[in-house]
Amino acid sequence: MPELPEVETVRIGLEKYLVGDVFKTVQVLREQSVGYPSVTKFTKGLARKEVISVERRGKYLLIHLDSKAGLGVHLRMSGRLIVADKKHKPAEFLRINIKLESGRDLRFEDMRVFGRMWYVPPGETFEDIIPALTLLGPEPLGKDLTAKYLLEAVKGRKQAIKTALLDQTLIAGLGNIYADEVLFQTGIHPLSSAGTMTKPDAEKLVVAIKKTLKQAIELGGSSLKDYTDSQGVNGKYQHSAWVYGRAKQPCRVCGEPIERIKLVGRSAHFCSNCQTKMRGRPTK
DNA sequence: ACTAGGTCCTGGTTGC
DNA sequence: TGCAACCAGGACCTAG
């Protein structure tokens, strides 16, 4: 799914193309795509609301509406949020469609139906409706993510560093692609026990995280399969990935083949020649 | 208190 | 070619 850079790219697009428009009518084609409340209340609540601003927290989009209402969105694995006008290709896997007063549509397309939209009624906060927001770790591009914080946060953790980086309560917004990319850039093996991190490791990781996410945002994110921005355009980061999706291909630094393993149910890509740091006590 | 694993879904790709 | 197994950007829930 969209990770932080992809969600941020969508946010930028919505800021540009959606703010100021008004939700006219809402059509729910898949009930499961509505996270809160009932389909009827969702539909009625959103109708005639104007879009005021679009915020991002981790991988969540927080769309602020008039009357202090809101629309929360998580794209999960295959979700897309597209402001579509007549020249756009037909919707694929359309789950929720919101007709806009401008005549365009705000489409929530989501093949795998893992994504969710939550209506936040006036008087309630996004945190009230989406409790997971309150548990999120610091924004990686903000000043709260420091080496000191990271070192403290992984202290005593025996899990693999890759697993820790995917934990949204540790850092909000990293996913499978960028966790692999960041570990490669710091020379850290993904199976290294998180708690063995040293201060220099933490400093390098923080630098790599911020640098990689910024670069990915500039490239419009990564499109592996489903992801597009709010205009339906693919991202470009995947072409410059160091390790993600490059199993068996030569490492861009040393030429050795990139390895791919399973780690807590996810794929992990790395170069065992370049990524040797912090291996002290790799888990499993 | 942590952590690994199953689960939610669908469709594209791979391999026999 | 046909079909089954495997794979996919995430995160919640449960059980150990």
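Each value, and the rule that gives it
Residues numbered from 1 in each chain as written. Chains lettered and ligands numbered in written order. Predicted model: local features only at pLDDT ≥ 70, side-chain atom pairs only at ≥ 80, totals over all residues. Heavy atoms only, no water. Helix = DSSP H or I, 4+ residues; strand = E, 2+ residues; numbered from the N terminus. Expected span 1.5 Å × (residues − 1). Buried < 20%, exposed > 50% of the residue type's maximum accessible area, 1.4 Å probe, protein only. Contact = heavy atoms within 4.5 Å. Near = heavy atom within 4 Å. Polar contact = N/O pair within 3.5 Å; in protein donor to acceptor, adjacent residues only side chain to side chain. Nonpolar A, V, L, I, M, F, W, Y, C, P; charged D, E, K, R; others polar. Arc of directions from axis to C-beta. Pairing = 2+ DSSP bridges. Axes fitted to C-alpha atoms, helices over the stretch in contact; angles between N-to-C directions.

Participant: Just to check I follow, could you spell out helix α8 (residues 199–218) for this structure?
Facilitator: Given 3.6 residues per turn, any residue in an α-helix points the same way as the ones three and four places further on. A rise of 1.5 Å per residue sets the reference length of α8, with its 20 residues, at 28 Å; its end C-alpha atoms lie 29 Å apart and thus fit the reference within 8%. Residues D201, A202, L205, V206, A208, I209, K210, T212, L213, A216 and I217 constitute the buried set of α8. On its buried face, α8 is in contact with α1 (4–17), α5 (147–154), α6 (161–166) and α7 (176–186).

Participant: Explain the protein's contact with DNA strand B here, please?
Facilitator: Taken together, the neighbourhood of DNA strand B is formed by R30, Q32, F93, M111, R112, F114, R157, K158, Q159, K225 and V264. Here, DNA strand B places atoms within 4 Å of the protein, and 68% of those atoms are sugar or phosphate. Interatomic distance of 2.6 Å between a side-chain N/O atom of R30 and a phosphate oxygen of DNA strand B. Within the side chain of R112, an N or O atom sits 3.1 Å from a base oxygen of DNA strand B. When grouped by side-chain class, the residues that make up the surface near DNA strand B number 4 nonpolar, 2 polar and 5 charged.

Participant: It is not clear to me how α5 should be interpreted in this structure. Could you clarify?
Facilitator: By the burial criterion, the buried members of α5 are A147, L150 and V154. Burial along α5 is one-sided: seen end-on, the buried residues are contained in an arc of 65 degrees. Exposed residues on α5 whose side chains face more than 90 degrees from its buried face are K148 and E152. Where α5 is buried, its residues contact α8. With its phi angle positive at about 85 degrees, G156 sits one or two positions after the end of α5.

Participant: I keep staring at the sheet that holds strand β2 (residues 34–36) and nothing clicks. Help me out?
Facilitator: Pairing between the strands of a sheet comes from backbone hydrogen bonds, and it takes one of two forms, parallel or antiparallel. Taken in spatial order, the 5 strands of this open sheet run β2-β9-β5-β4-β3, and their pairing is mixed. On the outer flanks of this sheet lie β2 and β3 (51–57), each paired with one strand and no other. Across this sheet, the average inter-strand angle for adjacent strands is 20 degrees, counted without regard to direction. Looking at chain direction, strand β4 (residues 60–65) and strand β5 (residues 70–74) are connected through 5 bridges and run antiparallel. Bridge assignment links I63 to a residue of β5, and that residue is L71. Packing of α1 onto the sheet brings it into contact with β3 and β4, and relative to β3 it is tilted by some 170 degrees. Sheet strands in contact with helix α2 (residues 39–46) are β2, β4, β5 and β9 (116–120), and its direction is about 65 degrees off that of β9.

Participant: Explanation requested: unusual backbone geometry in the structure shown.
Facilitator: Across residues other than glycine, the phi torsion is negative in most instances, and most of the peptide bonds are trans. Residue P37 follows Y36 across a cis peptide bond; omega there is -15 degrees. On the secondary structure map, P37 appears in the loop between β2 and α2. Positioned with a positive phi, F93 is a non-glycine residue whose angle comes to about 50 degrees. Within the secondary structure layout, F93 lies in the loop between β6 (79–84) and β7 (94–100).

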